[in-house]
Amino acid sequence: MDSVTVSSFAAAPAAPLAAPELVCPAGSLPALKAAVDHGASCVYLGLRDATNARNFAGLNFDAAAIAQGIAYAHARGAKVFMALNTYPQAGREAPWLSALDQAVDLGVDAVILADPGLMQHAVQHHPRLRLHLSVQGSATNHDAINFYRAQFGIVRAVLPRVLSLPQVRQVIERTEVEIEVFGFGSLCVMVEGRCALSSYATGESPNTHGVCSPPKAVRWQETEGGMESRLGGVLIDRFAPGEKAGYPTLCKGRFDVEDDQGYYALEEPTSLNTLELLPQLVQMGVRAIKIEGRQRSPAYVAQVTQVWRAAIDDCMAQPQRYRPRTHWMAQLDQVAEGQQHTLGAYHRPWK
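Computed from a prediction, not measured in an experiment: that's the story for all the values here.

**A few points about the pairing of strand β9 (residues 226-231)**
Pairing analysis gives six bridges linking strand β8 (residues 218-223) to β9, with the strands arranged antiparallel. Note that in β9 the partner of Trp220 across the bridge is Ser229. Count of turn residues in the β8/β9 antiparallel hairpin: two residues. Linkage of β9 to strand β10 (residues 234-239), two consecutive antiparallel strands, is achieved through a turn of two residues, within which Gly232 is found at a positive phi near 60 degrees.

Laid out in C-alpha cells, this is it:
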C-alpha cells in the first residue's frame, strides 16, 4: 500500500469571519451624514408618507434629499437602503408602487419590504433591484425566510427582536439568505408586523399607517396630578413636576395593577444593547447589525454609530480578547430609553 504523508490530510485553514455591516438610521439628511461620517456601512431611510414605519412629522426624505444623501454616502463608500415596510391597503396601492419605482430611479442600493405584493411588483418591473425582507415581515423561522427567497429572490432578512441567540443561529444555519439583527435601540416586546395594539386606541394600524402612536392622536395635558400623556384619549402616563415626559405608546405606559402603579403590564422603557454579544453574532454568521432610531436626533446617530464602529473593528481585530469597554457602555446608556439597557430576548438563561 502506498504511503501517504500526513500533510495530505491536513484540514484547510478556516476562512476568516466576515465583519458584519453596520446599518444605521437616517431620519433626516443631517442624520444620514452623521451616520456615514462616524462609520456606518449602510444607512436606511424612508419617504415622508405612510410607506415607511416611521411616519412622523418632520422626519424622512423627499426625492431631492434622498438624491443628496445617496451621493454623499456613495462618495464615502456607504450604501443606502430605502424602507418601504408598511402594507398598502386594497385600492390604495399607488403610493407604495410609486415609491418603489422612485427608489430605483434614485439609485438606492436596496429596498426593505414587508408586503408580498410589493415584492412581486419589484420582481416583475425591477428584476435587478436588491430586496431585503423587513422586520415588519415577521419572519421568525428559516422556512418563512426561504419562502420569500424562493418566491421573490430576497437576499437579506431582518429578524424580529423576539428570538434567542440559539434560535438566530438555527435560522442562519438553515438559509442562504443574509441575516440582519438589531443591535441597539428602542426595544419592541411584540413581534414586529403582528402588533395591532395601538390601533385599538387610535384606529390606525402601525402596519398600514407607518407609526404606532400617530401624532394626531397624542395629547399632553397639565393637571393637578402632573403632566398627563394620552393616546387616542387613553391615559398612558402621568409625570410628576420636573419628570421627563416620554412619548405615549401603549406598550410603554404605566398602569394600575393590583393597587400599584408602574411599568408592569407590558414593558418598562429600556433599550436593546447587544454590544457584549458581538463576538457570538459574528461567529454565527450574522451579516449585518442594525441600529434602531430613525426618529432620533443626528447627535444620537453619531454617538451610537461611533461606538458600534469602534466595537466591530475591535472585535474583528481581536475576537478572542474582545470585551465591551466601559466608556462604550456609558455612552450608549446616555442615549438609551430610561438610560438603561437589556439583552432582550437574545438572552434566555432558562432555555
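**Re the confidence of the model for the protein**
In this model, the protein carries an average pLDDT of 87, and 90% of its residues clear a pLDDT of 70 or more. Note that residues 1-13 has pLDDT below 50 and, in this model, one contact with residues that lie over four places away or in other chains.

**Here we look at helix α1 (residues 29-37)**
The complete set of buried residues in α1 reads Leu29, Ala31, Leu32, Ala34, Ala35 and Val36. Packed against the buried residues of α1 are β1 (21-25), β2 (42-45), α2 (63-75) and α10 (298-317). Backbone geometry just downstream of α1 places Gly39 in the positive-phi region, at approximately 110 degrees.

**Digging into a negative patch on the surface**
A contiguous patch of negative charge, built from Asp256, Glu258, Asp259 and Asp260, is present on the exposed surface. By the element assignment, Asp256 lies in strand β11 (residues 255-257). Given the relative accessible area of 64%, Asp256 is considered exposed.

**With respect to α10**
The terminal C-alpha atoms of α10 lie 28 Å apart, and with 20 residues this matches the ideal 28 Å at 1.5 Å per residue to within 8%. All of the buried residues along α10 are Tyr300, Val301, Ala302, Val304, Thr305, Val307, Trp308, Arg309, Ala311, Ile312, Asp314 and Cys315.

**A look at the layout of surface pockets**
If you add up the space inside the second largest pocket, you get close to 160 Å³. As for the second largest pocket, its lining consists of Ala50, Asn55, Gln89, Arg92, Trp96, Glu204, Thr208, His209, Val211, Pro214, Pro215 and Lys216. For the lining of the second largest pocket, the class distribution of residues is five nonpolar, four polar and three charged.

**Quick word on the pairing of β2**
What you see with β2 is no split at all: Cys42 and Tyr44 on one side and Val43 and Leu45 on the other are buried throughout. For the handedness criterion, the β-α-β arrangement of β1, α1 and β2 is classed as right-handed. Sheet topology places β2 next to strand β3 (residues 79-84); four bridges connect them, and they run parallel. Each residue of the ladder has a partner; that of Val43, found in β3, is Val80. Regarding topology, α2 serves as the crossover connection from β2 to the parallel β3, and that connection is right-handed.

**Some words on the nonpolar core**
Grouped together as the largest cluster of nonpolar side chains are 82 residues, with contacts concentrated most on Val111 and Trp308. Broken down by element, this core gets its largest block of residues, eight residues, from α10. The residues contacting Trp308, other than those within four sequence positions of it, are Leu22, Gly183, Phe184, Asn273, Thr274, Leu275, Leu278, Ile289, Ile291 and Leu332. Within the second largest apolar cluster, eight residues are counted, among which are Val23, Tyr44, Ala83 and Ile112.

About the cut-offs
Residues numbered from 1 in each chain as written. Predicted model: local features only at pLDDT ≥ 70, side-chain atom pairs only at ≥ 80, totals over all residues. Heavy atoms only, no water. Pairing = 2+ DSSP bridges. Helix = DSSP H or I, 4+ residues; strand = E, 2+ residues; numbered from the N terminus. pLDDT = per-residue confidence, 0-100. Contact = heavy atoms within 4.5 Å. Buried < 20%, exposed > 50% of the residue type's maximum accessible area, 1.4 Å probe, protein only. Patch = residues over 30% accessible without salt bridge, like charges linked within 9 Å, V, L, I, M, F, W, Y side chains within 5 Å. Areas by Shrake-Rupley, 256 points an atom, 1.4 Å probe, with all protein chains shown as cover. Salt bridge = Lys/Arg side-chain N within 4 Å of Asp/Glu carboxyl O. Lys, Arg positive; Asp, Glu negative; His and termini not counted. Charge placed at Lys NZ, Arg CZ, Asp CG, Glu CD. Expected span 1.5 Å × (residues − 1). 1 Å grid on protein atoms, 1.4 Å probe; cavity = no way out; pocket = protein on both sides within 12 Å on 5 of 7 lines; lining within 4 Å. Points joined across faces, edges and corners; volume = space filled by probe spheres on them. Nonpolar A, V, L, I, M, F, W, Y, C, P; charged D, E, K, R; others polar. Right-handed = clockwise from strand over helix to strand, strands pointing away. Core = buried A, V, L, I, M, F, W, Y, C linked by side-chain atoms within 4.5 Å.

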